[in-house]
Amino acid sequence: MTKKSIVQQASDNAYYHKDFHIALNYGIEYLYKNFGEDAVVEYLMQFANNYHTPLKKSLSTIGLAAIKKHYEKIFKIEGAAYDMNFPKDNSELTIHLHASTAVMHIKKNGHLLAPAYEKTVSVVNQEICRNTPYDCELMEYKQDNGAYKIHFFKRDL
Amino acid sequence: MISCTEFIPAYSELFKFLEKKKDKVAVTDFWNFLSDEFLTNLRDEVFENGLLGCWNYWNKTLKEEAADFTMVLDEKAQEFSITMHHCPSKGLLLEQKQTEPYRDYCEHCIVLYQRVLDPLGFEYEHDQSQTNKAKCRLTVKPKKEIN
């Protein structure tokens, strides 16, 4: 008969629980199946507007460098392959994610990707830009691996 | 892409959204759905290994979540327990300034885990009296047989 115990402090491990990607995918699936695609969009708008308030403020004050910094941090944590095109005049930013670590993890573990999952890219980024001097457009999205190209640019006033 | 490190705020916002869109029952219904679809790894572990399966499951997930905890498996006493000194999820929600955590956020643990463990013959108890400080304690024991 075994008795064992373990004591861990937060600083003992890095915060990176990839299965949370699977849980979010089921959140999107649940919304889609029970309330439709509009509910997925509404939910992601709510999330982006509430959670990304600091990023929206930074975008308004320092411009697209805020978006660049945000995604560089995210992609580093996720170990994602990407490239960015950010001209010196700060007027536009193109991000090319070569493969989504979220989509790859969901699929690798045998789960189906939720319908409208790509809204986690398009809607969230549009909402980050809402009421700022910037806008964005999802130029490409690949369903098989979640790769995408998104273009951020200055709005016409 | 929403990073897995941004999931907890997204999760809490989803509960708020479902309650506003419909009601609390919709939130619980989602937790049941998530338990059935997502916690297959916990179900498989406990089905195969009993209380040791609980140890195997949480030993991996809590480390990945960088939790501050003490976990004990006492096979003689037939008890598994986790004392969460600082829950990384609730802690993150309490620390961030931009959003309020969903009122009943911590309840999801009870619903998700009880739904897996109860049919496998285990009692799941969760003391959530200090979740306002991101602390809690859970125990899992085999159900007592009633003659």
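For clarity, every value in this text was computed on a predicted model and none was experimentally measured. (Residues numbered from 1 in each chain as written. Chains lettered and ligands numbered in written order. Predicted model: local features only at pLDDT ≥ 70, side-chain atom pairs only at ≥ 80, totals over all residues. Heavy atoms only, no water.)

**What to know about the sheet that holds strand β4 (residues 134–141) of chain A**
Residues and elements named next belong to chain A.
And then number 1: If you trace the 4 strands from one edge of the open sheet to the other, you get β2-β3-β5-β4, paired in antiparallel fashion. Unpaired on one side and paired on the other, β2 (82–85) and β4 mark the two borders of the sheet. The average undirected angle you get between the axes of adjacent strands in this sheet is 15°. (Pairing = 2+ DSSP bridges. Helix = DSSP H or I, 4+ residues; strand = E, 2+ residues; numbered from the N terminus. Axes fitted to C-alpha atoms, helices over the stretch in contact; angles between N-to-C directions.)

**Some words on the pattern of salt bridges**
And then number 1: Counted by the stated rule, this structure contains 17 salt bridges over all chains.
And then number 2: Put simply, A:R130 and A:E127 hold a salt bridge, and the shortest N to O gap is 2.7 Å.
And then number 3: Note on A:R130: relative accessible area 40%, which makes it partly exposed.
And then number 4: Classification of A:E127 as buried rests on a relative accessible area of 2%.
And then number 5: Between B:D36 and B:R115 there is a salt bridge; the shortest N-O distance is 2.8 Å. Of this pair, B:D36 sits in helix α2 (residues 24–38) while B:R115 sits in helix α6 (residues 107–117); the two residues are 79 residues apart in sequence, bridging distant segments of the chain.
And then number 6: For B:D36, a relative accessible area of 34% gives the class partly exposed. (Salt bridge = Lys/Arg side-chain N within 4 Å of Asp/Glu carboxyl O. Buried < 20%, exposed > 50% of the residue type's maximum accessible area, 1.4 Å probe, protein only.)

**Some points on the packing of helix α1 (residues 7–21) of chain B against α2(B)**
All names here are of chain B.
And then number 1: Two elements in contact, α1 and α2, have axes whose closest approach is 7 Å; the angle formed by their N-to-C orientations is 135°. With respect to their mutual orientation, α1 and α2 come out oblique. In this structure, α1 crosses over α2, and the sense of that crossing is right-handed. Side by side, α1 and α2 meet where Y11, L14, F15, L18 and E19 of the first sit next to K24, A26, V27, F30, W31 and L34 of the second.
And then number 2: For the contact of α1 with α2, the class distribution of residues is 9 nonpolar, no polar and 2 charged. (Parallel < 35°, antiparallel > 145°, perpendicular 65-115°, else oblique. Left-handed = near helix turned anticlockwise from the far one by under 90°. Contact = heavy atoms within 4.5 Å. Nonpolar A, V, L, I, M, F, W, Y, C, P; charged D, E, K, R; others polar.)

**Considerations on the interface of chain B and chain A**
And then number 1: With 49 residues of chain B at the interface, the matching set in chain A holds 54 residues.
And then number 2: Around 4,900 Å² of area is buried between chain B and chain A when both sides are counted, 66% of it from carbon and sulfur atoms.
And then number 3: Among the residues of chain B in contact with chain A, B:M1, B:I2 and B:C4 are the three that bury the most area, contributing 18% of the side total.
And then number 4: If you look at where chain B meets chain A, you find 2 salt bridges.
And then number 5: Of the charged contacts in the structure, one is a salt bridge between B:D74 and A:K3, with a shortest N-O distance of 3.8 Å.
And then number 6: Where chain B touches chain A, the interface holds 16 residue pairs in polar contact (both at pLDDT 80 or more).
And then number 7: Elements represented by at least two residues in the side of chain B that touches chain A include exactly α1, α2, α4 (51–64) and β1 (68–74) of chain B.
And then number 8: When residues of the side of chain B that touches chain A are assigned to their parent elements, the largest contribution, 11 residues, is made by α1(B).
And then number 9: The residue makeup of the side of chain B that touches chain A, split by class, is 25 nonpolar, 9 polar and 15 charged. (Buried area = accessible area lost by both parts, 1.4 Å probe. Polar contact = N/O pair within 3.5 Å; in protein donor to acceptor, adjacent residues only side chain to side chain.)

Interpretation note: all reported values are geometric properties and have no functional meaning in isolation.
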